[in-house]
Amino acid sequence: MKPKILLLTGLALAATLAAAAKPVQLLNVSYDPTRELYVEFNAAFAKYWKAKAGDDVTVKQSHGGSGKQARSVIDGLQADVVTLALAGDIDALHEMGKLIPKDWIQRLPQNSAPYTSTIVFVVRAGNPKGIKDWDDLVKPGVSVVTPNPKTSGGAMWNYLAAWEFARRKYGSEEKAREFVAQLYKNVAVLDSGARGSTTTFVQRGIGDVFISWENEAFLAQKEFGKEKFPIVAPSLSILAEPSVSIVDRVVRKKGTEAMAKAYLEFLYSDEGQEIAARNFYRPRNEAIAAKYSSRFVKMNLVTIDEAFGGWAKAKRVHFADGGTFDQIYVQ
Amino acid sequence: MAFARRQRSVLPGFGLSLGFTLAYLSLLVLIPLSAAFIRAMGMSWDEFMQAVASPRVLASYRLTFGVSFLAALVNAFFGGIVAWVLVRYSFPGRKIVDALVDLPFALPTAVAGIALTAIYAKNGWVGQWLDPLWVQGVTKLSVAIPFVDWKAWLGGSIAFDRPGVFIALTFIGLPFVVRTLQPVLEELQPELEEAAATLGANRWQTMTRVIFPELFPALITGFALAFARAVGEYGSVVFIAGNRPMHSEITPLLIITKLEQYDYRGATAIAVVMLVASFTLLLLINLLQKWSRRYYRI
Amino acid sequence: MAAIVSTLGERPSATRASQGRVIRNPLWVRIVFTTIALIFVSSFLLLPLAAVFVEAFRKGISVYFASFADPDALSAIKLTLTAAAIAVPANVIFGVAASWCIAKFEFRGKSILITLIDLPFAVSPVISGLIYVLLFGLQGWLGQYINAEQPWFPALQAWLIEQDFKIIFAVPGIVLATMFVTFPFVARELIPVMQAQGSDEEYAALTLGANGWQTFWYVTLPNIKWGLFYGVILCNARAMGEFGAVSVVSGHIRGETNTMPLHIEILYNEYNFVAAFAVSSLLALLALVTLVLKSFIEWRHSRA
């Protein structure tokens with residue numbers, strides 16, 4: 001008799017527990033430098049979602065190179081949301097896997113990029129080589145560290161920023177190509193990812209200047225000392241828009257669509273924007289941007305659409321096989 | 001290919017062991033690998049050639065295969081000495097050295113790359129005095145023999161250049177040589193040496209005529225494995241190579257590069273070329289070994 | 001004959017400990033050889049190991065041990081042990097079978113078979129992972145079959161969809177990639193040993209009336225035990241340390257599909273250098289475990 005009662009009580013208990021709070025899980029597949037950002041953001045979202053829907057949500061994270069992460073999702077990694085380094089990588093989810101609709105970028109405000117960043121220079125203490133702008137990077141004897149644009153999303157932004165600077169200053173695509181070729185002759189180490197380059201520059205002492213994401217540069221300062229690694233803002237840089245999207249096919253299968261949407265929308269909320277700014281990303285919300293204006297210097301920024309006609313074209317011209325990046329090495 | 005037995009052996013278990021071997025091999029290795037071949041076959045010839053024979057890829061083959069060969073050669077020589085010393089001599093710390101040999105297997109390749117870079121970089125433990133010596137040496141060589149671009153061949157520094165690739169590939173290949181030789185040395189019958197000595201051979205003759213022929217097949221195997229492993233190595237090399245296109249970029253990195261651009265076919269095409277090259281080399285070495293065994297057994 | 005325990009003595013072969021040796025190398029040869037070996041091992045092995053431990057203890061012992069309290073680190077350690085626990089025994093069985101038929105019999109195509117066994121060594125780890133993605137990924141063969149409009153066996157397709165069985169970006173994929181990478185180790189260790197051994201002792205056993213299994217257990221196995229031992233150790237070390245192949249099929253989900261090497265990469269990329277090297281030091285300690293095991297077996301053997 002006794003075991004039966006025990007069993008029934010157990011079953012009843014399990015049933016009540018299940019009704020009270022559903023533990024749910026979300027997988028956010030992201031790129032390398034956002035780790036610190038999403039640790040803080042996920043905790044805030046869990047609190048928000050508990051208050052709103054009553055469920056206990058755990059957000060699992062996966063980080064890696066942006067292109068590699070996109071490929072994993074295309075190959076079947078069950079990501080509810082992707083938060084990658086560039087729109088081009090999210091486009092691939094549509095082109096290669098039909099996981100999301102073609103017009104994904106219009107589903108959320110401001111090109112589905114809730115926060116932005118840009119490209120800056122990190123130099124040695126006291127800036128011994130006197131680096132102020134892109135021109136200083138092609139001088140003989142200046143050693144540059146940047147990741148490989150073929151394997152790193154951040155490095156594509158670096159490359160395009162340098163290209164656009166030269167095109168505006170010297171007036172032609174041909175001149176821009178020469179400029180960039182000259183610049184890459186000065187590159188001492190081409191790491192495969194942005195974090196790898198940071199380590200090479202900071203830990204190994206290689207290079208006079210490191211072309212970096214702004215948020216990555218701030219983080220390096222925070223970790224290793226502000227005076228040791230001063231940041232230099234070039235006269236022209238690029239507006240880097242790391243975009244986000246839900247993965248429609250996965251959320252529909254898992255039944256997490258509403259929560260995944262709320263997760264991304266929460267990035268645009270005041271709290272989400274505040275967290276982004278605290279983690280060195282430029283917030284979109286103007287009030288919060290104003291609050292952090294002392295941190296983020298006003299810079300002259302171009303967008304990928306106006307300067308290069310969008311990611312599809314930029315990738316084809318510059319980074320595909322036989323593109324300009326290949327040409328500058330194989331003369 | 002036919003796996004027919006050539007002569008009847010009294011020993012049992014041929015069918016069972018060969019059958020199991022072939023089944024396991026097919027399921028785990030051959031069928032998955034054929035997926036790569038089939039994916040690469042979807043390309044037209046021009047596409048294929050463009051993927052596998054562009055100047056950057058060719059430069060990477062030269063670097064990868066050349067340095068791997070060199071590293072395996074160095075490993076065969078020094079690894080041979082290490083194995084001999086470990087099995088034959090006793091000295092303080094012998095067991096610790098013995099245990100250390102497995103390190104390159106146990107340490108994840110990325111950690112190995114980071115650790116080696118930390119040691120051999122300009123500001124590293126060894127690099128701080130070795131790097132200037134290397135640069136000086138290369139400069140002197142350029143003066144002495146001016147017709148060769150020594151700096152391009154030997155690199156302008158140790159870490160983040162070609163010597164770094166060599167260091168990483170030597171590191172990961174070492175246990176293959178030592179661990180292949182060690183069991184053979186352990187099983188080596190002292191009677192052979194005793195017989196040689198009794199017959200009047202001196203130590204050198206015993207070494208070269210008796211011991212070396214016994215070890216040769218294992219040494220060749222160790223060399224081949226170290227070489228094959230080095231050719232495919234990625235994790236440790238990318239940290240220390242500098243990865244400059246046309247100069248210190250290895251082929252596995254180019255495969256990754258293609259993958260990052262969603263070019264599965266280009267990536268598998270290069271992989272197929274590497275596979276075929278490695279397979280041919282390994283086959284040659286295995287044939288050589290078979291021949292050497294027959295030759296020395298007579 | 002008593003063992004020689006001078007500083008640079010010559011040690012009796014492990015397997016023939018009872019027999020004396022009449023020949024010794026001259027002292028200077030021993031010194032030169034040992035010195036060369038020590039310099040080589042120090043510069044290529046000891047220094048990296050020292051670097052790992054120095055970094056791991058940079059902030060003191062308490063920080064070192066705190067690195068293992070992290071639940072993500074624990075889950076990574078558990079996953080790594082699981083993968084090795086499946087991959088190593090599977091490859092041991094294969095290795096013994098393969099070396100038996102290769103070393104004890106003559107047949108056509110043997111060189112090709114040996115070379116095929118070597119092949120996983122030569123395949124870039126990246127490709128080893130990729131082939132499983134090509135097979136089991138959403139864009140691969142399995143994925144295409146599941147998404148096909150008119151599949152060959154609709155019932156099988158329905159079953160697969162219902163099961164929702166995950167291979168890549170889950171534990172089975174990690175185990176498969178590990179098995180692939182460590183595939184040749186045991187076989188490759190055993191083949192030269194068995195070849196050097198010859199088959200005479202087995203013939204004798206058979207002549208004396210032993211059956212096949214008895215011959216294997218009582219004659220062959222004792223003779224190949226060192227090779228088998230090295231094979232298992234290497235296979236295990238590599239299974240736990242594999243990075244490239246596993247990285248491709250893992251999906252890098254924290255606390256779920258990260259093995260120790262992948263977790264180390266994550267920690268390193270978060271500038272958490274101490275924790276990264278602390279977890280690495282665990283893998284490096286594997287070599288120490290090997291040493292203890294080997295000494296133990298030698299000791300048992302010398303008593304028997």
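Residues numbered from 1 in each chain as written. Chains lettered and ligands numbered in written order. Predicted model: local features only at pLDDT ≥ 70, side-chain atom pairs only at ≥ 80, totals over all residues. Heavy atoms only, no water.

### Some details on the sheet that holds strand β1 (residues 23-31) of chain A
Note on sheets: strands pair through backbone hydrogen bonds, and any given pair is parallel or antiparallel.
All names here are of chain A.
Reasoning step 1: Read from one edge of the open sheet, four strands run β2-β1-β3-β10, paired in mixed fashion. Two strands lie at the open edges of the sheet, namely β2 (56-64) and β10 (244-246), each paired on one side alone. Averaged over all pairs of adjacent strands, the angle between their axes in this sheet comes to 20°, without regard to strand direction.
Reasoning step 2: Examined bridge by bridge, β1 and strand β3 (residues 81-83) share three bridges and lie parallel to one another. What sits directly across from Ser 30, in β3, is Thr 83.
Reasoning step 3: Strands in contact with helix α2 (residues 35-53) are β1, β2, β3 and β10; relative to β2, the strand with the most contacts, it is inclined by about 165°. (Pairing = 2+ DSSP bridges. Helix = DSSP H or I, 4+ residues; strand = E, 2+ residues; numbered from the N terminus. Axes fitted to C-alpha atoms, helices over the stretch in contact; angles between N-to-C directions. Contact = heavy atoms within 4.5 Å.)

### Looking at the interface of chain C and chain B
Reasoning step 1: On the chain B side, the residues contacting the 119 residues of chain C number 114 residues.
Reasoning step 2: Regarding the contact of chain C and chain B, the summed buried area is about 10800 Å², with carbon and sulfur atoms giving 73% of it.
Reasoning step 3: The tally of links from chain C across to chain B stands at zero salt bridges.
Reasoning step 4: Residue contributions to the side of chain C that touches chain B peak at 20 residues, all from helix α1 (residues 27-56) of chain C. (Buried area = accessible area lost by both parts, 1.4 Å probe. Salt bridge = Lys/Arg side-chain N within 4 Å of Asp/Glu carboxyl O.)

### With respect to the confidence of the model for chain C
Reasoning step 1: Overall, the prediction assigns chain C a mean pLDDT of 85, with 91% of residues at 70 or greater.
Reasoning step 2: Here residues 1-7 of chain C is modelled with pLDDT under 50, and outside its nearest four sequence neighbours on either side it reaches 11 contacts, counting other chains as well. (pLDDT = per-residue confidence, 0-100.)

### So, the interface of chain C and chain A
Reasoning step 1: Contact with chain C, which involves 22 residues of that partner, is made by 31 residues of chain A.
Reasoning step 2: Among the residues of chain C in contact with chain A, Phe 169, Asn 269 and Tyr 271 of chain C are the three that bury the most area, contributing 29% of the side total.
Reasoning step 3: Remark: the boundary between chain C and chain A carries two salt bridges.
Reasoning step 4: With a closest N to O distance of 3.9 Å, Glu 270 of chain C and Arg 35 of chain A form a salt bridge.
Reasoning step 5: Across the contact surface, chain C and chain A share 12 residue pairs in polar contact (both at pLDDT 80 or more).
Reasoning step 6: The element best represented in the side of chain C that touches chain A is helix α13 (residues 260-269) of chain C, accounting for three residues.
Reasoning step 7: Across the side of chain C that touches chain A, the residue classes break down as nine nonpolar, eight polar and five charged. (Polar contact = N/O pair within 3.5 Å; in protein donor to acceptor, adjacent residues only side chain to side chain. Nonpolar A, V, L, I, M, F, W, Y, C, P; charged D, E, K, R; others polar.)

### Comments concerning the domain arrangement of chain C
Residue and element names in this part refer to chain C.
Reasoning step 1: Assigned domains within chain C: domain 1 (23-56) and domain 2 (60-303).
Reasoning step 2: Of note, the centres of domain 1 and domain 2, computed from C-alpha atoms alone, are 29 Å apart.
Reasoning step 3: Contacts between the two partners involve five residues from domain 1, matched on the other side by eight residues from domain 2.
Reasoning step 4: Buried area between domain 1 and domain 2, both sides added, is near 560 Å², and the carbon and sulfur share of it is 81%. (Domains from an automatic or database assignment.)

### Description of the layout of surface pockets
Unfilled space is identified by rolling a water-sized probe across the atoms.
Reasoning step 1: Roughly 1200 Å³ of internal volume is contained in the largest pocket.
Reasoning step 2: In terms of lining residues, the largest pocket is bounded by 47 residues, among which Phe 136, Leu 142, Phe 165, Lys 166 and Ile 167 of chain C are the most central.
Reasoning step 3: When contributions to the lining of the largest pocket are tallied by element, the ones reaching two or more residues are β1 and α10 (248-254) of chain A, α1 (14-41) of chain B together with α5 (125-136), α6 (141-147), α7 (154-163) and α8 (171-182) of chain C.
Reasoning step 4: Grouping the constituent residues of the lining of the largest pocket by class yields 30 nonpolar, eight polar and nine charged. (1 Å grid on protein atoms, 1.4 Å probe; cavity = no way out; pocket = protein on both sides within 12 Å on 5 of 7 lines; lining within 4 Å. Points joined across faces, edges and corners; volume = space filled by probe spheres on them.)

### Looking at the packing of helix α9 (residues 162-187) of chain B against helix α11 (residues 212-241) of chain C
Reasoning step 1: Between α9 of chain B and α11 of chain C, the shortest axis-to-axis distance is 9 Å and the interhelical angle comes to 165°. Our classification of the angle between α9 of chain B and α11 of chain C gives roughly antiparallel. Both α9 of chain B and α11 of chain C take part in a crossing whose hand is right-handed. Note on element contacts: α11 of chain C touches α9 of chain B through Asn 223, Trp 226, Gly 227, Tyr 230 and Leu 234 of chain C, opposite Arg 179, Gln 182, Pro 183, Glu 186 and Glu 187 of chain B.
Reasoning step 2: Residue composition of the contact of α9 of chain B with α11 of chain C, by class: four nonpolar, three polar and three charged. (Parallel < 35°, antiparallel > 145°, perpendicular 65-115°, else oblique. Left-handed = near helix turned anticlockwise from the far one by under 90°.)

### Concerning unusual backbone geometry
Reasoning step 1: Phi at Gln 110 of chain A is positive, roughly 50°, even though this residue is not glycine.
Reasoning step 2: Counting through the fold element by element, Gln 110 of chain A comes out in helix α5 (residues 109-112).
Reasoning step 3: Residue classification places Gln 110 of chain A among the partly exposed residues on the basis of a relative accessible area of 40%.
Reasoning step 4: One non-glycine residue, Met 246 of chain B, lies in positive phi territory at about 70°. (Buried < 20%, exposed > 50% of the residue type's maximum accessible area, 1.4 Å probe, protein only.)

### So, the pattern of salt bridges
When the charged atoms of two side chains with opposite charge come close together, those side chains can pair.
Reasoning step 1: The final tally for this structure, using the stated rule, is 40 salt bridges over all chains.
Reasoning step 2: Arg 107 of chain A is paired through a salt bridge with Asp 248 of chain A; the nearest N and O atoms lie 2.8 Å apart. In this pair, Arg 107 of chain A is assigned in the loop between α4 (87-97) and α5 and Asp 248 of chain A in helix α10, connecting sequence segments 141 residues apart.
Reasoning step 3: Classification of Arg 107 of chain A by relative accessible area gives partly exposed; the value is 35%.
Reasoning step 4: A salt bridge links Glu 214 of chain A to Arg 282 of chain A, with the nearest nitrogen and oxygen atoms 2.7 Å apart. Placement of Glu 214 of chain A in helix α9 (residues 214-224) and of Arg 282 of chain A in strand β11 (residues 282-283) is noted, with a sequence separation of 68 residues between them.
Reasoning step 5: Look at the salt bridges and you will find they share partners, linking Lys 150, Asp 321 and Asp 326 of chain A together with Arg 56, Glu 249 and Lys 258 of chain B into a network.

### As for a nonpolar patch on the surface
Reasoning step 1: The grouping of Leu 27, Ile 31, Phe 37, Ile 38, Met 41 and Val 276 of chain B together with Trp 141 of chain C at the surface amounts to a nonpolar patch, some 690 Å² of accessible area in total.
Reasoning step 2: Broken down by element, the residue count for the nonpolar patch peaks at five residues, all from α1 of chain B.
Reasoning step 3: Inspection of the secondary structure assignment puts Met 41 of chain B in helix α1.
Reasoning step 4: Its relative accessible area of 60% is what places Met 41 of chain B among the exposed residues. (Patch = residues over 30% accessible without salt bridge, like charges linked within 9 Å, V, L, I, M, F, W, Y side chains within 5 Å. Areas by Shrake-Rupley, 256 points an atom, 1.4 Å probe, with all protein chains shown as cover.)

### Side note on the packing of α1 of chain B against α8 of chain C
Reasoning step 1: The contact between α1 of chain B and α8 of chain C brings their axes to 11 Å, and the two run at 100°. In terms of axis orientation, α1 of chain B runs roughly perpendicular to α8 of chain C. For the pair α1 of chain B and α8 of chain C, the contacting residues are Tyr 24, Leu 28, Val 29 and Leu 33 of chain B in the first and Leu 176, Met 179 and Phe 180 of chain C in the second.
Reasoning step 2: Per-class residue counts for the contact of α1 of chain B with α8 of chain C are seven nonpolar, no polar and no charged.

### Thoughts on the side chain of Ser 280 of chain C
Reasoning step 1: Relative to the assigned elements, Ser 280 of chain C resides in helix α14 (residues 273-303).
Reasoning step 2: Residue Ser 280 of chain C is classed as buried on the basis of its relative accessible area, which comes to 0%.
Reasoning step 3: Sequence-distant contacts of Ser 280 of chain C, defined by excluding residues within four places in its chain, comprise Leu 107 and Val 111 of chain B together with Val 52 and Ile 264 of chain C.

### Describing the nonpolar core
Reasoning step 1: Of all hydrophobic cores here, the largest spans 304 residues; its most connected members are Phe 45, Leu 93, Trp 134 and Tyr 184 of chain A.
Reasoning step 2: Other than its neighbours up to four places away in sequence, Leu 93 of chain A contacts Ala 70, Val 73, Ile 74, Val 82, Lys 98, Leu 99, Ile 100 and Val 247 of chain A. (Core = buried A, V, L, I, M, F, W, Y, C linked by side-chain atoms within 4.5 Å.)

### Topic: the environment of Leu 86 of chain B
Reasoning step 1: By the secondary structure assignment, Leu 86 of chain B is in helix α3 (residues 55-88).
Reasoning step 2: As a C-alpha pair, Leu 86 of chain B and Lys 122 of chain B span 36 residues in sequence and 33 Å in three-dimensional space.

### Concerning the confidence of the model for chain B
Reasoning step 1: This prediction gives chain B a mean pLDDT of 87; 95% of its residues lie at or above 70.
Reasoning step 2: Mean pLDDT values over the elements of chain B span from 79, in helix α10 (residues 190-198) of chain B, up to 94, in α3 of chain B.

### With respect to the pairing of β2 of chain A
Residues and elements named next belong to chain A.
Reasoning step 1: Of all nine residues that make up β2, seven are buried, and the element is covered over most of its length.
Reasoning step 2: Here nine bridges tie β1 to β2, and the two strands are oriented parallel to one another. Note on β2: the bridge partner recorded for Pro 23 is Asp 56.

### Some points on helix α4 (residues 110-122) of chain C
Residue and element names in this part refer to chain C.
Reasoning step 1: Between its first and last C-alpha, α4 extends 19 Å over 13 residues, near the 18 Å set by a 1.5 Å rise per residue.
Reasoning step 2: By the largest-angle criterion, Leu 116 marks the main kink of α4, which is about 25°, and a proline, Pro 120, follows within four residues.
Reasoning step 3: By the burial criterion, the buried members of α4 are Lys 110, Ser 111, Leu 113, Ile 114, Thr 115, Leu 116, Ile 117, Asp 118, Leu 119, Pro 120, Phe 121 and Ala 122. (Expected span 1.5 Å × (residues − 1). Bend = angle between axes of the 7 residues up to and from the residue.)

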